[in-house]
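If you want the building blocks of each chain, they are given just below.
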Amino acid sequence: MAITLTEKAAKHINRYIERRGKGIGLRFGVRTTGCSGLAYKLEYVDEVTEDDHVFESHGVKVFVDPKSMPYIDGTELDFAREGLNEGFKFNNPNEKDACGCGESFRI
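Every value quoted in this text rests on a predicted model; they were computed, and no experiment measured them.

### Thoughts on the environment of K11
Here is step 1 of the chain: By the secondary structure assignment, K11 is in helix α1 (residues 7–20).
Here is step 2 of the chain: Taking the C-alpha atoms as reference, K11 lies 29 Å from I107; in sequence the two are 96 residues apart.

Given below as C-alpha cells:
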C-alpha cells in the first residue's frame, strides 16, 4: 500500500515549503499520546534518513519512518477548510476509533 495526498493537500504543502524557502517534502508519522493511544505527527523534511519509506503524490514527497508505517499504511491526507478552521484530515483505513477531541486514535 502507500501514503497518498489529495490535490488540495499537495498544493498546501508545496505553498508552505516555498514560503519556508527550503524542504524536500513532508514527514508523516505517529506518536504515543492522548486518550486513544496514538496521534498523528507532521513535520517538514530537509533531509531524508536511511530508513524512511518515501512516497510521492501530486509531486510531493511524503516520508514515513518504519515504526509508524503499520499504523498509517493506506492513509490519504487531505487538507480542508471548515469555517474559520483549516487543517489536515487523515483518512486512515486502519483507524478503529478516535477520541472525542480528535487528538488521538486507536488501531
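### Side note on unusual backbone geometry
Here is step 1 of the chain: The backbone of H58 shows a phi angle near 55°, a positive value even though the residue is not glycine.
Here is step 2 of the chain: In this fold, H58 is placed in the loop between β4 (53–57) and β5 (60–64).

### Focus on a nonpolar patch on the surface
Here is step 1 of the chain: A surface patch of nonpolar side chains, amounting to about 240 Å² of accessible area, comprises I24, V48 and V54.
Here is step 2 of the chain: Along the chain, V54 turns up in strand β4.
Here is step 3 of the chain: Overall, V54 belongs to the partly exposed group, its relative accessible area being 43%.

### Concerning the sheet that holds strand β1 (residues 4–5)
Here is step 1 of the chain: Spatial strand order, β1-β6-β7: three strands in an open sheet with mixed pairing. At either margin of the open sheet sits one strand with a lone partner, and together these are β1 and β7 (85–91).
Here is step 2 of the chain: In this sheet, β7 lies alongside strand β6 (residues 76–82) in antiparallel orientation, the contact comprising seven bridges. Bridging from a neighbouring strand, A80 pairs with G87 of β7.

### Topic: the packing of aromatic side chains
Here is step 1 of the chain: This model, assessed by the stated rule, comprises five aromatic pairs.
Here is step 2 of the chain: Considering the side-chain rings of Y16 and Y44, the 4.5 Å spacing of their centres and the 25° angle between planes classify their relative orientation as stacked. Residue Y16 is located in helix α1, and its partner Y44 is located in strand β3 (residues 37–45); the two are separated by 28 residues in the primary sequence.
Here is step 3 of the chain: For Y16, a relative accessible area of 34% corresponds to the partly exposed category.
Here is step 4 of the chain: Considering the side-chain rings of F28 and F90, the 5.6 Å spacing of their centres and the 10° angle between planes classify their relative orientation as stacked. Here F28, found in strand β2 (residues 25–33), pairs with F90, found in strand β7; they are 62 residues apart in sequence, far enough to count as distant.
Here is step 5 of the chain: In textbook terms, an aromatic cluster arises when at least three aromatic residues are bridged by ring pairs, as seen for F28, Y40 and F90.

### Quick look at the nonpolar core
Here is step 1 of the chain: Core analysis: the largest hydrophobic core is formed by 20 residues, its most contacted members being I3, L5, F28, V64 and I72.
Here is step 2 of the chain: For this core, the secondary structure elements donating two or more residues are α1, β2, β3, β5, α2 (69–72) and β6.
Here is step 3 of the chain: The dominant element in this core, judged by the number of residues it contributes, is α1, at four residues.
Here is step 4 of the chain: Dropping the residues within four chain positions of it, I72 is found in contact with I3, F28, G29, V30, Y40, V64, N92 and N94.

The rules we used
- Residues numbered from 1 in each chain as written.
- Predicted model: local features only at pLDDT ≥ 70, side-chain atom pairs only at ≥ 80, totals over all residues.
- Heavy atoms only, no water.
- Helix = DSSP H or I, 4+ residues; strand = E, 2+ residues; numbered from the N terminus.
- Patch = residues over 30% accessible without salt bridge, like charges linked within 9 Å, V, L, I, M, F, W, Y side chains within 5 Å.
- Areas by Shrake-Rupley, 256 points an atom, 1.4 Å probe, with all protein chains shown as cover.
- Salt bridge = Lys/Arg side-chain N within 4 Å of Asp/Glu carboxyl O.
- Buried < 20%, exposed > 50% of the residue type's maximum accessible area, 1.4 Å probe, protein only.
- Pairing = 2+ DSSP bridges.
- Phe/Tyr/Trp six-rings, centres within 6.5 Å; stacked < 30°, edge-to-face > 60°.
- Core = buried A, V, L, I, M, F, W, Y, C linked by side-chain atoms within 4.5 Å.
- Contact = heavy atoms within 4.5 Å.

Limitation: the analysis is restricted to geometry and does not speak to function.
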